[in-house]
Amino acid sequence: MGSTWDYGPLGVELKRNVKEAWWRAVVVERDDVVGLDAAILMHPRVWEASGHVENFSDPLVECRQCHHRFREDQLETNRCPECNGELTEPRRFNLMFRTFMGPVEDSGSEIYLRPETAQGIFVNFQNVQTATRKKLPFGIGQIGKAFRNEITPGNFTFRTREFEQMEVEFFVEPGSDEDWLQRWVQDRFNWYVGYGIRAENLRLREHASDELAHYAKATFDIEYRFPWGWGELEGIANRADFDLGRHTEFSGQDLSYFDDATRERYLPYVIEPSGGVDRATLAFFGSTATTKNRTATIPEPSCTCIARWLR
Ligand SMILES: [Zn+2]
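Residues numbered from 1 in each chain as written. Predicted model: local features only at pLDDT ≥ 70, side-chain atom pairs only at ≥ 80, totals over all residues. Heavy atoms only, no water.

Participant: In this structure, what is going on with the nonpolar core? I would like to understand it.
Facilitator: Generally speaking, soluble globular proteins have nonpolar side chains that are buried together. One finds Trp22, Met166, Phe170, Trp184, Trp191, Tyr192 and Leu202 to be the most contacted residues of the largest nonpolar core, which totals 39 residues. Among the elements of the structure, helix 1 (9-28), strand 8 (162-172), helix 5 (177-194), strand 9 (202-206), strand 10 (218-226), strand 11 (229-240), strand 14 (269-276) and helix 7 (277-286) are those that each provide at least two residues to this core. When residues no more than four places from it in sequence are discounted, the contact partners of tryptophan 184 are Val26, Arg30, Val33, Val168, Phe170, Ile236, Ile271 and Pro273. Among the nonpolar cores identified, the runner-up in size contains 17 residues, and Ala38, Val128, Tyr257 and Tyr266 belong to it. (Core = buried A, V, L, I, M, F, W, Y, C linked by side-chain atoms within 4.5 Å. Buried < 20%, exposed > 50% of the residue type's maximum accessible area, 1.4 Å probe, protein only. Helix = DSSP H or I, 4+ residues; strand = E, 2+ residues; numbered from the N terminus. Contact = heavy atoms within 4.5 Å.)

What follows is the structure, given as structure tokens:
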């Protein structure tokens, strides 16, 4: 079915190396990031708060002739790419996998497999901050499985329905968010180059305003030149106060942060570097970089706004 893959004896070693290198660079070696391992199954209200129940869907169309299904936003024409048949009207298809918690299968026990690891971090933000006594800015990092019922999985392990993410939610004071976004983009870009991916096979791409996710104020993708073209390895998003604001609203629990130094209380902004473990593994696997390339300089970025501060 091409939507889930198993890693064999060599593949699992490579994948573990990728995760360990990420964990070391992003959690262990930074004193402003701590780790977390949250559950895959969460309270269904979490996904209402996150906006996934409402917004996490793709426009699905079906060919009336061959019955193949496609994402309307990925098609170049309004005919079937397989047989040129007529397509149905698009309908919104939610990408979350549903299952039931406990022995009774009714709507009251319906839950979701998490479509991202991020929400496990947001709902634990206050616990972690209180327990570790971290002051802002600080982040929480996590590696774990996520599940999306993609309409069209493909390109080997690039787009699969079960995959692994390595994510940081980095909490900052509003106003410092744009600066922190830039620092994280730079850090994460350098990480890929540092581990041997040739810089000419990497590029930065800023999301256009109509492409931004429902939570994002700005997003940069680090893309890799895969055999089939450029594809996202990691997205670094400025989520502003969307997440903590929504969880405050839905849970009734105040998730604001009190800054001892300034005696001010505010809702932290969030910078999120979110990478795909399987995609990074595939890129490292396919990379023919030599040690010599590890000092490669960062190439001209693909947009001018980021060029300013990369120099
Ligand atoms: Zn067709």
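Participant: Would you mind going over the sheet that holds strand 4 (residues 91-94) with me for this structure?
Facilitator: Strand pairing within a sheet occurs via backbone hydrogen bonds; the two strands may be parallel or antiparallel. On the basis of which strands lie adjacent, the open sheet formed by three strands has the order 3-2-4 and antiparallel pairing. For this open sheet the edge positions go to strand 3 (69-71) and strand 4, each flanked by a neighbour on one side alone. Neighbour-to-neighbour, the strand axes of the sheet open up by a mean angle of 45°, direction not taken into account. Relative to strand 3, strand 2 (residues 57-62) runs antiparallel, the two sharing three bridges. Bridge pairing in strand 3 links glutamate 62 to arginine 69. (Pairing = 2+ DSSP bridges. Axes fitted to C-alpha atoms, helices over the stretch in contact; angles between N-to-C directions.)

Participant: Sorry if this is basic, but what is going on with the coordination of the zinc ion here?
Facilitator: Any two of four tetrahedral donors ideally make an angle of 109.5 degrees at the metal, while pairs among six octahedral donors ideally make 90 or 180 degrees. Taken together, the protein ligands of the zinc ion are Cys63 (SG), Cys66 (SG), Cys80 (SG) and Cys83 (SG), with distances of 2.3 to 2.4 Å. Taken together, the four donor atoms coordinating the zinc ion span angles of 101 to 119° at the metal, a pattern that classifies the geometry as tetrahedral. Positions of the donor residues of the zinc ion, expressed as sequence spacing, correspond to C-x2-C-x13-C-x2-C. Of this pair, cysteine 63 sits in the loop between strand 2 and strand 3 while cysteine 80 sits in the loop between strand 3 and strand 4, and the two are 17 residues apart along the sequence. Given a relative accessible area of 1%, cysteine 63 falls into the buried group. (Donors = N, O, S within 2.8 Å, 3.2 Å for Na, K, Ca; no water. Tetrahedral: all angles 85-135°; square planar, octahedral: opposite > 155°, others 65-115°.)

Participant: Is there a simple way to think about the pattern of salt bridges in this case?
Facilitator: Side chains carrying opposite charge are able to pair once their charged atoms draw close together. Under the criterion given, the structure shown has 26 salt bridges. Across the salt bridge formed by arginine 71 and aspartate 73, the nearest N and O atoms sit 2.9 Å from each other. Given the relative accessible area of 13%, arginine 71 is considered buried. Classification of aspartate 73 as partly exposed rests on a relative accessible area of 45%. The shortest N-O distance in the salt bridge between lysine 145 and glutamate 162 comes to 2.8 Å. Taken as a pair, lysine 145 in strand 7 (residues 138-147) and glutamate 162 in strand 8 lie far apart in primary sequence, 17 residues in all. Given the relative accessible area of 32%, glutamate 162 is considered partly exposed. Overlapping salt bridges, with partners in common, bring together Arg203, Arg205, Glu211, Asp221 and Glu223 in one network. (Salt bridge = Lys/Arg side-chain N within 4 Å of Asp/Glu carboxyl O.)

Participant: How should the sheet that holds strand 9 be read in this particular structure?
Facilitator: Strands sit in the order 1-7-8-14-11-10-9 across an open sheet of seven strands; the sheet is mixed. Of all strands in the sheet, those with a lone pairing partner are strand 1 (33-35) and strand 9, marking the two edges. Put simply, the sheet's adjacent strands are angled 25° from each other on average, direction ignored. In the sheet, strand 1 pairs with strand 7 via three bridges, with the strands oriented parallel. Each residue of the ladder has a partner; that of valine 33, found in strand 7, is glycine 139. Contacts from helix 4 (residues 118-132) reach strand 1, strand 7, strand 8, strand 11 and strand 14 within the one sheet, and its direction differs from that of strand 8 by about 45°.

Participant: Looking at this model, I keep getting lost on the environment of alanine 199. Mind explaining?
Facilitator: Inspection of the secondary structure puts alanine 199 in the loop between helix 5 and strand 9. Separated by ten residues in sequence, alanine 199 and phenylalanine 189 place their C-alpha atoms 8.9 Å apart.

Participant: Would you explain the side chain of arginine 246 in this entry?
Facilitator: The residue arginine 246 is located in helix 6 (residues 242-251) in this model. For the buried residue arginine 246, which engages in no salt bridge, the nearest side chain bearing the opposite charge is glutamate 54, 4.4 Å off. If we skip the residues at most four places from it in the chain, arginine 246 touches Glu48, Ala49, Gly51 and Glu54. (Lys, Arg positive; Asp, Glu negative; His and termini not counted.)

Participant: I would appreciate a short explanation of the side chain of arginine 148 in the present structure.
Facilitator: Among the structural elements, arginine 148 can be located in the loop between strand 7 and strand 8. Here arginine 148 is buried and forms no salt bridge, its nearest opposite-charge partner glutamate 116 lying at an N-O distance of 4.5 Å. Polar contacts involving the side chain of arginine 148 include one to the main-chain carbonyl oxygen of proline 115, which spans 2.8 Å. Ignoring anything within four residues of it in the chain, the contact list for arginine 148 reads Phe56, Leu95, Phe97, Pro115, Glu116, Thr160, Arg161, Phe163 and Gln165. (Polar contact = N/O pair within 3.5 Å; in protein donor to acceptor, adjacent residues only side chain to side chain.)

Participant: Would you mind showing me how to read the environment of arginine 188 here?
Facilitator: By the secondary structure assignment, arginine 188 is in helix 5. You can call arginine 188 buried: its relative accessible area is 2%. Each C-alpha atom, one on arginine 188 and one on glycine 235, is 9.6 Å from the other, the two residues being 47 residues apart in sequence. With sequence-adjacent residues up to four places away left out, arginine 188 is seen in contact with Trp22, Val26, Ile222, Glu234, Ile236 and Pro273.

Participant: Would you explain the packing of aromatic side chains in this entry?
Facilitator: The description of an aromatic ring pair rests on the distance of the ring centres and on the angle between the ring planes. Applying the stated criterion to the full structure yields 17 aromatic pairs. Arranged with centres 4.3 Å apart and planes meeting at 40°, the rings of phenylalanine 125 and phenylalanine 171 form a pair that is tilted. Of this pair, phenylalanine 125 sits in helix 4 while phenylalanine 171 sits in strand 8, and the two are 46 residues apart along the sequence. Chaining the aromatic ring pairs together yields one cluster made of Phe122, Phe125, Phe138 and Phe171. One Lys or Arg, arginine 183, reaches over the ring of tryptophan 180 and ends 3.9 Å from the middle of that ring. (Phe/Tyr/Trp six-rings, centres within 6.5 Å; stacked < 30°, edge-to-face > 60°. Lys NZ or Arg CZ within 6 Å of the ring centre and 35° of its normal.)

Purely spatial values, then, with no claim about function.
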